[in-house]
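Understanding the architecture of this molecule
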Amino acid sequence: MVQLDNDQPEKYGKGDSTAAENLLRAMIQELENLQQNLIVQLNQDVERLQAEKSRLIAEIDNLQTQRQQLPSSLQDPPSQEQGAQQQYLVSQLTQALAEHLQEILMQRLSQQSGSSYRPLSGSAGDNLSPSPNEYNESAYRILASLDTTLRTTFKTLQQDISSYQSSFSQQLSRMHSLEQQGEAILEALVNRLNDQLKLQGSALPLIQPSDRENVTEPERDRQRLPEANPIPLQIPGAPLPLSRQTKPTSQNQLGLLLVLISTVALSIHNVVVQVVGRESNILGAFLFGGFIKLNLGNSLLILWLRMIVVLPLMAIFATGLYPNVWRDIRKFLFDPNRRGLLTVVGSGFFLFLSQVLIYIAISQIGPGVAVTILFMYPLVTVPLAWLFFGDRPTLLRVGVMIAISVGVILAAFPKIFPAGGTGVPGISPVGVGTAAVSGIAFALYLIFMQLGFKRLHPVPVSLIQFSTIFVLSSLSLMLPLPGNFAVQLIPDRRFGLIIGGVVLGILTLVGYLLNNFGVRFLGAARASIVASSGPVLTAVLAFVIIPSAQNALQPISITGILLVTLGVFALSFERLLVQNKPQQPAK
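Note that the coordinates shown come from a computational prediction; the quantities given were computed from them, not determined experimentally. (Residues numbered from 1 in each chain as written. Predicted model: local features only at pLDDT ≥ 70, side-chain atom pairs only at ≥ 80, totals over all residues. Heavy atoms only, no water.)

Observations regarding the overall build of the chain
Looking only at helices and strands, one finds 18 helices and two strands in the chain. With 587 residues in all, the chain has 36% of them scored as buried. Relative to all contacts within the chain whose residues are 6 or more apart in sequence, the contacts with residues 24 or more apart total 81%. As presented, the chain carries roughly 33,900 Å² of accessible surface, and 63% of it is formed by carbon and sulfur atoms. (Helix = DSSP H or I, 4+ residues; strand = E, 2+ residues; numbered from the N terminus. Buried < 20%, exposed > 50% of the residue type's maximum accessible area, 1.4 Å probe, protein only. Contact = heavy atoms within 4.5 Å. Areas by Shrake-Rupley, 256 points an atom, 1.4 Å probe, with all protein chains shown as cover.)

So, a nonpolar patch on the surface
On the surface, L283, V540, F543 and V544 cluster together to form a nonpolar patch covering roughly 380 Å² of accessible area. Within the fold, V540 resides in helix α17 (residues 534-545). (Patch = residues over 30% accessible without salt bridge, like charges linked within 9 Å, V, L, I, M, F, W, Y side chains within 5 Å. Salt bridge = Lys/Arg side-chain N within 4 Å of Asp/Glu carboxyl O.)

A few points about the side chain of R306
Note on placement: R306 falls in helix α7 (residues 296-321). No salt bridge forms around the buried R306; measuring N to O, its nearest opposite-charge neighbour D328 is 23 Å away. Within the structure, the side chain of R306 is placed 2.7 Å from the side chain of Y359, a separation counted as a polar contact. (Lys, Arg positive; Asp, Glu negative; His and termini not counted. Polar contact = N/O pair within 3.5 Å; in protein donor to acceptor, adjacent residues only side chain to side chain.)

Looking at the packing of aromatic side chains
Summed over the entire model, instances satisfying the criterion amount to eight aromatic pairs. Taken together, a centroid distance of 5.3 Å and an interplanar angle of 45 degrees make the contact between F350 and F448 tilted. Taken together, the residues span a long stretch of sequence, with F350 in helix α9 (residues 339-365) and F448 in helix α13 (residues 430-452) at a distance of 98 residues. The exposure class of F350 is buried, given its relative accessible area of 17%. Ring geometry for F442 and Y445: centres 5.1 Å apart, planes at 55 degrees, overall tilted. Placement of the pair is F442 and Y445 together in helix α13, with a separation of three residues, close to one helical turn. On the basis of relative accessibility, which here comes to 0%, the residue F442 falls in the buried class. (Phe/Tyr/Trp six-rings, centres within 6.5 Å; stacked < 30°, edge-to-face > 60°.)

Let's talk about the side chain of S557
Considering the arrangement of structural elements, one finds S557 in helix α18 (residues 555-580). Residue classification places S557 among the buried residues on the basis of a relative accessible area of 2%. Polar contacts involving the side chain of S557 include one to the main-chain carbonyl oxygen of A411, which spans 3.4 Å. Excluding its chain neighbours within four sequence positions, the residues that come into contact with S557 are L410, A411 and P414.

Some remarks on α17
Look at α17: 16 Å from first C-alpha to last across twelve residues, which is about the 16 Å you get at 1.5 Å a residue. Of the residues making up α17, those classed as buried are G534, P535, T538, A539, L541 and A542. (Expected span 1.5 Å × (residues − 1).)

Overview of the pattern of salt bridges
The tally for this structure, following the rule as stated, stands at five salt bridges. Between R25 and E21 there is a salt bridge, with the nearest N and O atoms lying 3.8 Å from each other. With R25 and E21 both in helix α1 (residues 2-69) and four residues apart, the pair spans about one turn of that helix. Overall, E21 belongs to the partly exposed group, its relative accessible area being 39%.

Notes on the pairing of strand β2 (residues 286-289)
Bridge count for strand β1 (residues 279-282) against β2 is four bridges, and the pairing is antiparallel. By the bridge assignment, I282 is partnered in β2 with F286. (Pairing = 2+ DSSP bridges.)

Observations regarding the environment of T343
As for its position among the elements, T343 is in helix α9. C-alpha of T343 to C-alpha of Q450: the two residues are 107 residues apart in sequence and 9.1 Å apart in space.

A closer look at the nonpolar core
The biggest cluster of nonpolar side chains holds 72 residues, and the ones touching the most others in it are I302, M314, I373, V459 and L497. In this structure I373 touches I365, V408, A412, V432, A435 and A436, once residues within four positions along its chain are discounted. (Core = buried A, V, L, I, M, F, W, Y, C linked by side-chain atoms within 4.5 Å.)

Brief notes about the packing of α9 against helix α10 (residues 367-374)
The description of two helices packed together rests on the angle between their axes and the distance between the axes. Where α9 meets α10, the closest approach of the two axes is 7 Å, and the angle between their N-to-C directions is 140 degrees. For the pair α9 and α10, the crossing hand works out as right-handed. When α9 is examined against α10, the residues S354, I358, A361, I362 and I365 are found in contact with a partner set consisting of P367, V369, A370, I373 and L374. Looking at the contact of α9 with α10 residue by residue, the class counts come to nine nonpolar, one polar and no charged. (Axes fitted to C-alpha atoms, helices over the stretch in contact; angles between N-to-C directions. Left-handed = near helix turned anticlockwise from the far one by under 90°. Nonpolar A, V, L, I, M, F, W, Y, C, P; charged D, E, K, R; others polar.)

Focus: the packing of α7 against helix α14 (residues 458-477)
For the pair α7 and α14, interaxial distance at closest approach is 9 Å and the crossing angle is 150 degrees. Compared by their axis directions, α7 and α14 come out roughly antiparallel. In this structure, α7 crosses over α14, and the sense of that crossing is left-handed. Taken together, the residues of the contact of α7 with α14 sort by class into 18 nonpolar, six polar and no charged. (Parallel < 35°, antiparallel > 145°, perpendicular 65-115°, else oblique.)

Regarding the confidence of the model for the chain
Scored by pLDDT, the chain has a mean of 75; 74% of the residues are at 70 or more. Between the elements of the chain, mean pLDDT differs from a low of 44, seen in helix α5 (residues 217-224), to a high of 92, seen in α7. With pLDDT under 50 throughout, residues 1-12 is counted as low confidence; its partners more than four residues away or in other chains account for zero contacts. Scored below 50 in pLDDT, residues 227-244 shows 78 contacts in the model against residues more than four places distant or in partner chains. (pLDDT = per-residue confidence, 0-100.)

Focus: α10
For α10, the tally of buried residues reaches eight of eight residues, placing the bulk of the element in the interior. Of the residues making up α10, those classed as buried are P367, G368, V369, A370, V371, T372, I373 and L374.

So this is what it looks like as structure tokens:
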């Protein structure tokens with residue numbers, strides 16, 4: 001009995017192992033069947049698209065063959081040389097007709113001359129010869145008839161030539177239109193095929209280390225694309241590509257640290273803007289700043305100084321972030337389809353507009369409230385993402401939009417209607433309106449930027465955007481601005497202004513680079529959750545670094561900042577849930 005009891009668990013263990021192996025085989029068989037079905041479906045789609053492509057190519061070849069069969073003089077619109085040749089041919093034809101008609105005229109004159117010498121009726125021997133007037137009248141009648149005939153003939157000939165020329169021009173234009181339509185259809189089919197392949201490829205597993213030697217460079221670029229964060233200011237909420245690759249714990253911790261430092265650097269950047277535009281009591285110990293008054297012209301000057309630092313350094317670091325950056329930019333600039341280039345340049349324009357306006361708003365209402373109002377961009381990006389990307393708003397997003405709206409109103413309320421006796425200086429609502437317009441421009445920047453990612457890697461996109469900001473700020477400084485909006489320099493504080501621009505450029509570049517590497521380790525969705533603390537960090541750092549009445553926040557403003565921060569945090573957390581949803585096992 002003891003031996004039987006000892007053998008009983010072994011039997012049960014073998015039975016469980018057999019059942020597990022059978023279950024594993026069944027699961028493997030199901031996965032193989034699923035893979036085969038997917039491959040067959042993809043092959044059918046590719047064959048169908050190739051057949052459509054072949055049919056269109058055949059039609060285009062047929063049209064080109066018909067065009068080549070036409071006479072060479074009819075394939076192109078008549079040039080000046082062809083017009084001269086036609087005039088020469090018409091003159092030759094006129095000369096030939098004139099000679100022929102001259103011969104006919106001489107024959108008729110000779111016939112009339114012979115008949116005029118015939119004897120008339122009368123007495124025999126009376127011969128009457130025609131008078132000179134009769135010859136002249138006959139010649140005039142013949143010449144008049146000849147002239148009328150020639151005019152009618154040439155007029156008819158000219159009408160026929162014009163009709164033929166118009167008909168051939170219409171046919172050539174129609175052939176050219178058909179050729180353009182065929183090219184557009186082919187391009188649409190190729191783009192649709194690429195989109196389908198990308199969608200199918202996103203559902204496939206990532207490349208294993210053992211297979212990296214057999215992977216082409218474009219495939220490596222496609223794999224690196226979800227790992228790069230394209231937003232140079234580290235503002236979350238844009239519809240970005242998400243990475244489903246699981247990161248080790250050590251990499252997650254390093255990425256969290258890098259993204260956090262990046263967010264702090266960009267928050268300090270906003271505080272430095274206030275120091276540059278207004279003399280401030282730094283840490284309550286000494287006065288510093290006030291190098292320039294941040295009106296429109298001076299804000300453009302600060303942005304220009306910042307780009308002088310950022311653009312060259314970004315061009316140096318871009319190759320390390322993405323080795324094919326210059327190849328992609330060169331190919332993108334010379335692409336016949338200019339829509340992608342206009343989209344990227346448009347995103348740079350809206351980022352330029354947002355930065356100029358936020359500088360003005362920071363000088364008037366402080367960095368904490370200004371950045372909080374800037375974070376109202378989901379009120380614009382959510383409906384635009386539904387319009388451009390088909391991303392239908394969820395109930396959570398609608399609730400977030402309501403929370404952000406209430407938060408912006410609460411944060412800006414004391415700045416518009418300051419309460420008496422609070423020590424907060426009265427501030428014009430212009431600063432709040434400028435920050436709101438800056439948030440709208442930033443939302444358009446995010447949408448245009450996401451449209452640009454469909455055809456270009458994020459690193460080249462960011463480099464083109466920085467270049468666009470530099471060009472726009474340079475051109476804007478050349479414009480004659482009115483007195484209150486023009487550049488107004490303080491002679492004895494120019495050196496401090498230059499130092500401020502350099503510091504802003506270094507903080508921008510540090511924020512971008514640390515954010516880019518942090519997203520590679522942590523992932524875009526988790527990084528955006530950390531970056532959603534931007535308004536709170538900016539408000540806290542502004543009060544700590546510059547303890548003043550302007551940066552002191554009332555409870556109603558603190559409530560508004562927290563509502564906006566929580567709303568942006570909820571959007572980022574939703575992105576994280578969407579990213580992890582495909583990883584759940586099927587039931």
